[in-house]
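In case you want the letters, here they are:
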Amino acid sequence: MGKRQEFRANREGEFARVLAVNGLRMTQQRLEIVRELAAAQDHPDAETLLHRVRRRVPMLSPDTVYRTLEVLASHGLVARIPMPRANRFDPDLTPHHHFVCSRCGRVLDVGVDVLGPVPSAPAALEGIGQVDSVHLQIWGVCDACEEEGA
Ligand SMILES: [Zn+2]
Ligand SMILES: [Zn+2]
C-alpha cells in the first residue's frame, strides 16, 4: 500500500467521526458514498459517484449523494471544485492545484512544487464579498487528448 492510499484510508475514519459529531447518522448508504469518494483519484462529480455506488447500492437516490457531498464539503472534509457543468469533489485536502482539460473534462492534480503555493486570501475582500475558498484552475488540453489528436 502506497503513501497516497494510506492517507485516503485514514480519511475514511475521519469522515465517519466528523459526520457522527455533527449528528449525521453514518448509514450504510452514506458509508458507501464516503468510501467511494475517499478512493477516487479523478475528482468525480455527484452523478459519477452515484453511478459508481449504485453498483453496490442499487436503490441509492441522487438526493442522498448530493446531500452527503454538500455536508462533507461544508464541513471542509472534501474540497469542492467549482466547474461549469457540475461541481467536482476531491478527497485530497493537501494543498494542490487543478489542471482541467477543456476537451475531455479530466481534472488532474498539479503539485505546489510545480506551480507554487495556493494563493491565500483574507476572509473578506473589501467592497467585493466574503471568501469561502481559493482555487487555482489551469485550463488546457491534457496529454491523452493531445496524443489522440496528433
Ligand atoms: Zn483531455
Ligand atoms: Zn485534486
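What counts and how
- Residues numbered from 1 in each chain as written.
- Chains lettered and ligands numbered in written order.
- Predicted model: local features only at pLDDT ≥ 70, side-chain atom pairs only at ≥ 80, totals over all residues.
- Heavy atoms only, no water.
- Pairing = 2+ DSSP bridges.
- Helix = DSSP H or I, 4+ residues; strand = E, 2+ residues; numbered from the N terminus.
- Donors = N, O, S within 2.8 Å, 3.2 Å for Na, K, Ca; no water.
- Tetrahedral: all angles 85-135°; square planar, octahedral: opposite > 155°, others 65-115°.
- Buried < 20%, exposed > 50% of the residue type's maximum accessible area, 1.4 Å probe, protein only.
- Patch = residues over 30% accessible without salt bridge, like charges linked within 9 Å, V, L, I, M, F, W, Y side chains within 5 Å.
- Areas by Shrake-Rupley, 256 points an atom, 1.4 Å probe, with all protein chains shown as cover.
- Salt bridge = Lys/Arg side-chain N within 4 Å of Asp/Glu carboxyl O.
- Polar contact = N/O pair within 3.5 Å; in protein donor to acceptor, adjacent residues only side chain to side chain.
- Contact = heavy atoms within 4.5 Å.
- Axes fitted to C-alpha atoms, helices over the stretch in contact; angles between N-to-C directions.
- Parallel < 35°, antiparallel > 145°, perpendicular 65-115°, else oblique.
- Left-handed = near helix turned anticlockwise from the far one by under 90°.

## Quick notes on the pairing of strand 4 (residues 107–111)
With five bridges connecting them, strand 3 (residues 96–101) and strand 4 associate as antiparallel partners. If you follow V100 over to strand 4, its bridge partner there is V107. Between strand 3 and strand 4, which pair antiparallel in sequence order, lie five residues; one of them, G105, sits at a positive phi of approximately 80 degrees.

## Focus: the coordination of the zinc ion (ligand 1)
Note on the zinc ion (ligand 1): its protein donors are C101 (SG), C104 (SG), C142 (SG) and C145 (SG). The metal-donor distances range over 2.3 Å. Each of the four donor atoms around the zinc ion (ligand 1) contributes to a set of angles spanning 105 to 116 degrees, which defines the coordination as tetrahedral. For the zinc ion (ligand 1), the donor residues sit on a single chain with the sequence spacing C-x2-C-x37-C-x2-C. Separated by 41 residues along the polypeptide, C104 in the loop between strand 3 and strand 4 and C145 in helix 6 (residues 143–149) bring together distant segments of the chain. A relative accessible area of 38% places C104 in the partly exposed class.

## Quick word on a nonpolar patch on the surface
The grouping of V114, L115 and L136 at the surface amounts to a nonpolar patch, some 260 Å² of accessible area in total. Judged by relative accessible area, which is 34%, L136 ranks as partly exposed.

## As for the side chain of H97
Tracing the chain through its elements places H97 in strand 3. Within the local environment of H97, its side chain forms a polar contact with the backbone oxygen of G116, the two atoms lying 2.6 Å apart. Ignoring anything within four residues of it in the chain, the contact list for H97 reads L108, D109, V110, G111, V112, L115, G116, P117, V118, L136 and I138.

## Regarding the coordination of the zinc ion (ligand 2)
In this structure, H43 (NE2), D90 (OD), H96 (NE2), H98 (NE2) and D109 (OD) serve as the protein donors to the zinc ion (ligand 2), at separations of 2.0 to 2.2 Å. Every donor residue of the zinc ion (ligand 2) comes from the same chain, spaced as H-x46-D-x5-H-x1-H-x10-D. Here H43 is found in the loop between helix 2 (28–39) and helix 3 (46–54), whereas its partner H96 is found in strand 3, with 53 residues between them in sequence. Here H43 falls in the buried class, since its relative accessible area comes to 2%. When its relative accessible area of 15% is taken as the criterion, H96 is described as buried.

## Overview of the sheet that holds strand 7 (residues 137–140)
One open sheet accounts for three strands, arranged 4-3-7; its pairing is mixed. Edge strands, defined here as strands with exactly one partner in the open sheet, are strand 4 and strand 7. When strand polarity is set aside, the average angle formed by the axes of neighbouring strands in this sheet is 30 degrees. Sheet analysis places strand 3 next to strand 7, joined by four bridges and oriented parallel. Bridge assignment links H98 to a residue of strand 7, and that residue is Q137.

## Brief notes about the packing of helix 3 against helix 4 (residues 62–74)
Packing of helix 3 against helix 4 leaves a shortest axis separation of 10 Å and a crossing angle of 120 degrees. Judged on the interaxial angle alone, helix 4 and helix 3 are oblique. Note that helix 3 runs across helix 4; the crossing there is right-handed. Taken together, the residues of helix 4 that come into contact with helix 3 (itself represented by A46, E47, L49, L50 and R54) are P62, V65, Y66 and L69.

Treat this as a map of the structure, not an account of what it does.
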